[in-house]
Amino acid sequence: MKDNFKSEQKRPKTLAAALVFLCKDGEVLLQKRQNTGFSDGMWDVSASGHVENGETIKTAAIRELKEETGVVAKDLSFAGIVHEYSESAKLPYVLVFFR
């Protein structure tokens with residue numbers, strides 16, 4: 001009897017990115033992307049970046065926030081999630097938003 005799971009079929013790799021919105025008094029801090037090689041010159045969320053090996057998505061968000069803004073967060077709240085296919089990377093992407 002053949003198993004229903006096709007072991008020869010490879011699952012796609014999925015890229016994960018953490019994105020942070022810094023909000024205060026009804027305002028959101030945005031940054032203009034520069035020197036990244038991706039969407040340079042465009043406005044973006046307060047901080048964002050890929051999850052590194054061994055990191056959780058939340059840890060990546062806290063790290064990126066510090067690297068990109070100098071803000072040290074003790075904790076972040078989950079704000080949303082988006083799953084999409086990146087044409088440029090030719091891979092599925094999971095974007096996790098925090099505030």
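Residues numbered from 1 in each chain as written. Predicted model: local features only at pLDDT ≥ 70, side-chain atom pairs only at ≥ 80, totals over all residues. Heavy atoms only, no water.

A.B. asks: Explain the sheet that holds strand β7 (residues 78-86) residue by residue, including any values.
C.D. replies: On the basis of which strands lie adjacent, the open sheet formed by four strands has the order β6-β1-β8-β7 and mixed pairing. The open sheet terminates on both sides in strands that have one partner only, identified here as β6 (47-50) and β7. Strand-to-strand, the axes of this sheet are offset by a mean angle of 20 degrees, without reference to chain direction. Packed onto the sheet, helix α1 (residues 57-69) meets β1 (15-20), β6 and β8 (91-98) and runs at close to 125 degrees relative to β6. (Pairing = 2+ DSSP bridges. Helix = DSSP H or I, 4+ residues; strand = E, 2+ residues; numbered from the N terminus. Axes fitted to C-alpha atoms, helices over the stretch in contact; angles between N-to-C directions. Contact = heavy atoms within 4.5 Å.)

A.B. asks: Give a detailed account of the side chain of S46, specifying residues and quantitative values.
C.D. replies: Here S46 is to be found in the loop between β5 (43-44) and β6. At a separation of 2.5 Å, a polar atom in the side chain of S46 contacts the main-chain carbonyl oxygen of L29. Not counting residues within four places of it along the chain, the set of residues in contact with S46 comprises V20, F21, L22, V28, L29, Q31, E68 and T69. (Polar contact = N/O pair within 3.5 Å; in protein donor to acceptor, adjacent residues only side chain to side chain.)

A.B. asks: Please set out α1 residue by residue, giving values where relevant.
C.D. replies: Residue pairs three or four apart in sequence face the same way in an α-helix, which turns once every 3.6 residues. Taking 1.5 Å of rise per residue, 13 residues should cover 18 Å, and α1 covers 18 Å from first to last C-alpha, within 8% of that figure. Taken together, the buried residues of α1 touch β1, β2 (22-24), β6 and β8. In the stretch just after α1, G70 is the one whose phi turns positive, near 85 degrees. (Expected span 1.5 Å × (residues − 1).)

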